[in-house]
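Tertiary structure, described
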Amino acid sequence: MSGGVDSSVAALLLHQEGYEVIGVTMKLYDIDQADLPDYYRGCCTIDDVEDARAVCRILGVPHYVLNVQREFRTFVIDYFQSEYESGRTPHPCIACNDKIKFSFLAQRAQLMNATHVATGHYARIVAGGSGAWELLRGVDAGKDQSYVLFGMRQDQLASTLMPIGHYPKDDIRRLASDANFPNADKPDSQDICFIPTGDYREFLRQRTDEHPGDIVDPAGNVLGQHEGIQYFTVGQRRGLGLSGGPPRFVIRLEPDTRQVVVGSEEQLYGDSFYADPVSWVSGVPPTGELSVTVKIRYKFAEAPATVTPVGSGAVVRFHNPQRAITPGQAAVFYQGDSVLGGGVIAGGIPPESPEPAVGRTAPAHA
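Thresholds applied
Residues numbered from 1 in each chain as written. Predicted model: local features only at pLDDT ≥ 70, side-chain atom pairs only at ≥ 80, totals over all residues. Heavy atoms only, no water. UniProt positions renumbered as here; feature names shortened; annotations may be inferred. Salt bridge = Lys/Arg side-chain N within 4 Å of Asp/Glu carboxyl O. Buried < 20%, exposed > 50% of the residue type's maximum accessible area, 1.4 Å probe, protein only. Helix = DSSP H or I, 4+ residues; strand = E, 2+ residues; numbered from the N terminus. Phe/Tyr/Trp six-rings, centres within 6.5 Å; stacked < 30°, edge-to-face > 60°. Lys NZ or Arg CZ within 6 Å of the ring centre and 35° of its normal. Axes fitted to C-alpha atoms, helices over the stretch in contact; angles between N-to-C directions. Parallel < 35°, antiparallel > 145°, perpendicular 65-115°, else oblique. Left-handed = near helix turned anticlockwise from the far one by under 90°. Contact = heavy atoms within 4.5 Å. Nonpolar A, V, L, I, M, F, W, Y, C, P; charged D, E, K, R; others polar. Pairing = 2+ DSSP bridges.

Looking at an unreviewed UniProt entry, the chain carries the name tRNA-5-taurinomethyluridine 2-sulfurtransferase, with the source organism given as Geodia barretti. The UniProt entry for the chain carries this comment under Sequence similarities (unreviewed entry): "Belongs to the MnmA/TRMU family." Taken from UniProt, the Catalytic activity (unreviewed entry) comment for the chain reads in full: "5-taurinomethyluridine(34) in tRNA + S-sulfanyl-L-cysteinyl-[protein] + AH2 + ATP = 5-taurinomethyl-2-thiouridine(34) in tRNA + L-cysteinyl-[protein] + A + AMP + diphosphate + H(+)".

See the structure below:
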């Protein structure tokens, strides 16, 4: 329970269904409230903890605070820094879900003799016809969070509840208001929770070593210099320090040579990539090429594509070129509302990958 309205209503709905609810707030990092900007919409403040505790008091259920700062630093913040230093663009919410909520917290839940971990995610978990659990989009398309949950395994889905995924956001606020929750109108959290100002480059500047390098065009011509590749991401246009000439965008980062490669917007588009590692929700990779839609960024419309398992990863080929395919971001595979799986965008297609099949697709589940 972060102190927000979503996890609060998740507790309310389960309490009404007869579950024995235990409220848990995770202390993820230290934050100095005196330095917080007025627009901060993160978590882990004293007010957030008090909101969660007040909701539990109204429901008449226990509330605990778990200190997971060490785990959060190791698996989320350190990962965040390391990925940027390696020329990739991470998604810390995916790491938090994978390593903190559905790993560490789930282990703590077992020690409490709890059968499930419940969250305030806008997604749905349902029993599939084959006996396997399925992960579906939330019914509120504007709030759907299935993208950040693609890595959940069958055992995790079996022991997780996401009750608010069956409701639109307006209904969640109405339920909170009807229950007289103090956070019914609390704004949603935004951006990266552990960077209150939202300036991730300044965050990295204070915590990473700078290794200058060249800014080059696709032919290798030097156009300027930079202070470190961790300050750049594919698709970036502003902050390149280049003057004159046509608009330029970061089209590739070369960590080995510390080069930032820039080019035209047209050069940002690509129609294929390799994702590795890849996780399949069913636990079983498909036996061949699949027709899917693929989302390559959280706030990004998915596009039709084929996905073919290759080793521990998968090759994705879009029907039409997509803008700014970014290493480090997640690529999530959908069929309708169902999440089939996903993986981390690694880069170009390996040379040993099979050619795309023509007129042939494999079933969604082996």
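Now that the structure has been shown, the text picks up again.
Details of the pattern of salt bridges
On inspection of all chains with the given rule, the structure shows 21 salt bridges. The partner of Lys99 in a salt bridge is Asp98, with the nearest N and O atoms 4.0 Å apart. On the accessibility criterion, Lys99 (38% relative accessible area) is partly exposed. As a salt-bridge pair, Glu265 and Arg323 come within 3.1 Å of each other at their nearest N and O atoms. Of the two residues, Glu265 is situated in the loop between β10 (259-263) and β11 (269-280) and Arg323 in strand β14 (residues 313-323); the sequence distance between them amounts to 58 residues. What emerges from the salt-bridge pattern is a single network uniting Asp6, Lys143, Lys169, Arg173 and Asp188.

Quick look at the packing of aromatic side chains
Here the structure, examined in full by the defined rule, presents ten aromatic pairs. On the basis of an interplanar angle of 35° and a centroid distance of 5.9 Å, the ring pair of Tyr29 and Phe72 is categorised as tilted. Note that Tyr29 is positioned in the loop between β1 (23-27) and α2 (46-59) and Phe72 in helix α3 (residues 69-85), a separation of 43 residues in sequence. In this pair, the class of Tyr29 matches that of Phe72, namely buried. The interplanar angle of 90° and the centroid separation of 5.3 Å between the aromatic rings of Phe80 and Phe194 together place this pair among those described as edge-to-face. Placement of Phe80 in helix α3 and of Phe194 in the loop between α6 (169-178) and α7 (200-205) is noted, with a sequence separation of 114 residues between them. You'll find Phe80 and Phe194 in the same group, each marked buried. Grouping aromatic residues by their ring pairs yields a cluster made of Tyr29, Phe72, Phe80, Tyr84, Phe194, Tyr200 and Phe203. Across the ring face of Tyr334, the terminal group of Arg137 is positioned such that the distance to the ring centre comes to 4.2 Å. In this arrangement the basic side chain of Arg297 is found over the ring face of Phe300, its NZ or CZ atom lying 4.9 Å from the centre.

Considerations on the UniProt feature "domain: tRNA-specific 2-thiouridylase MnmA-like C-terminal" (unreviewed entry) in the chain
Within the UniProt annotation, "domain: tRNA-specific 2-thiouridylase MnmA-like C-terminal" (unreviewed entry) is assigned to residues 271-345. Along residues 271-345, the helical share is 0% and the strand share 65%, with 13 Å between the first and last C-alpha atoms.

Let's talk about the packing of helix α1 (residues 5-16) against α6
The description of two helices packed together rests on the angle between their axes and the distance between the axes. At a minimum axis separation of 9 Å, α1 and α6 run at an interaxial angle of 70°. By the angle class used here, α1 and α6 are roughly perpendicular. Seen from above, α1 lies across α6 with left-handed handedness. Counting all contacts with α1, which are made through Val5, Asp6, Val9, Leu12 and Leu13, the residues of α6 involved are Lys169, Ile172, Arg173, Leu175 and Ala176. Residue composition of the contact of α1 with α6, by class: seven nonpolar, no polar and three charged.

Some details on unusual backbone geometry
The residue after Asp276, namely Pro277, is reached through a cis peptide bond having omega 0°. Of note, Pro277 is situated in strand β11. Although it is not a glycine, Asn113 sits at a positive phi angle of roughly 65°. You will see that Arg258, though not glycine, has its phi angle at about 60°, which is positive.

Side note on the sheet that holds β10
With respect to topology, four strands assemble into an open sheet ordered β8-β7-β10-β9, the strand pairing being mixed. Of all strands in the sheet, those with a lone pairing partner are β8 (222-226) and β9 (249-254), marking the two edges. Neighbour-to-neighbour, the strand axes of the sheet open up by a mean angle of 25°, direction not taken into account. Direction of pairing for strand β7 (residues 213-216) relative to β8: antiparallel, over a ladder of four bridges. Following the sheet pairing, Ile215 is matched in β8 by Gly224.

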